[in-house]
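# Structure at a glance
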Amino acid sequence: MPVAGRLTMVISICMYPYARPQGIGKAFAVYCPKHTLALAFLISLLPALLLGFSYLLALGAAMLISMVLNDRITARLGGVTGDTYGAVTEISEAVIAFLFMILSKGVIWHF
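Attention here is on the structure that accompanies the text. Keep in mind that what you see is a predicted model, and the values were worked out from it rather than measured.

## Observations regarding the side chain of S44
Relative to the helices and strands, S44 is located in helix α3 (residues 36–44). What S44 contacts, discounting residues up to four positions off in sequence, is V3, L7, Y55 and L59.

## Some details on the packing of helix α1 (residues 2–15) against helix α5 (residues 53–77)
The contact between α1 and α5 brings their axes to 9 Å, and the two run at 35°. Where α1 crosses over α5, the handedness of that crossing is right-handed. Contact with α1, carried on its side by V3, A4, L7, T8, I11, S12 and M15, involves Y55, L59, A62, M63, S66, M67 and N70 of α5 and no other residues of that element. The residue inventory of the contact of α1 with α5, partitioned by class, reads 10 nonpolar, four polar and no charged.

Reading the values: rules and limits
Residues numbered from 1 in each chain as written. Predicted model: local features only at pLDDT ≥ 70, side-chain atom pairs only at ≥ 80, totals over all residues. Heavy atoms only, no water. Helix = DSSP H or I, 4+ residues; strand = E, 2+ residues; numbered from the N terminus. Contact = heavy atoms within 4.5 Å. Axes fitted to C-alpha atoms, helices over the stretch in contact; angles between N-to-C directions. Left-handed = near helix turned anticlockwise from the far one by under 90°. Nonpolar A, V, L, I, M, F, W, Y, C, P; charged D, E, K, R; others polar.

So far we have only geometry, and geometry alone does not tell us how the molecule works.
Structure, rendered in structure tokens:
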């Protein structure tokens, strides 16, 4: 969950424009090397060695959620900010936790 969540932050930083002329998050956006996203993606695949297909499913869901949220944020604010980096990460992690709960129990509410 934390690995996939941090990948969503790298997606936000590398793929979307920064909304403000300044800010703490701006430094990450400006100095993001071109290979950062590819390297982060490869590293985020490592937990799949232990967790298998369910992790890949959760990782794909996190990436999809990240892109949808970032598209909506960019449309509304004109870009992303440091605060939206964190928000997208937390929302993605919560969805991943929910998915793992469903995959491990088979149902949403398990008694």
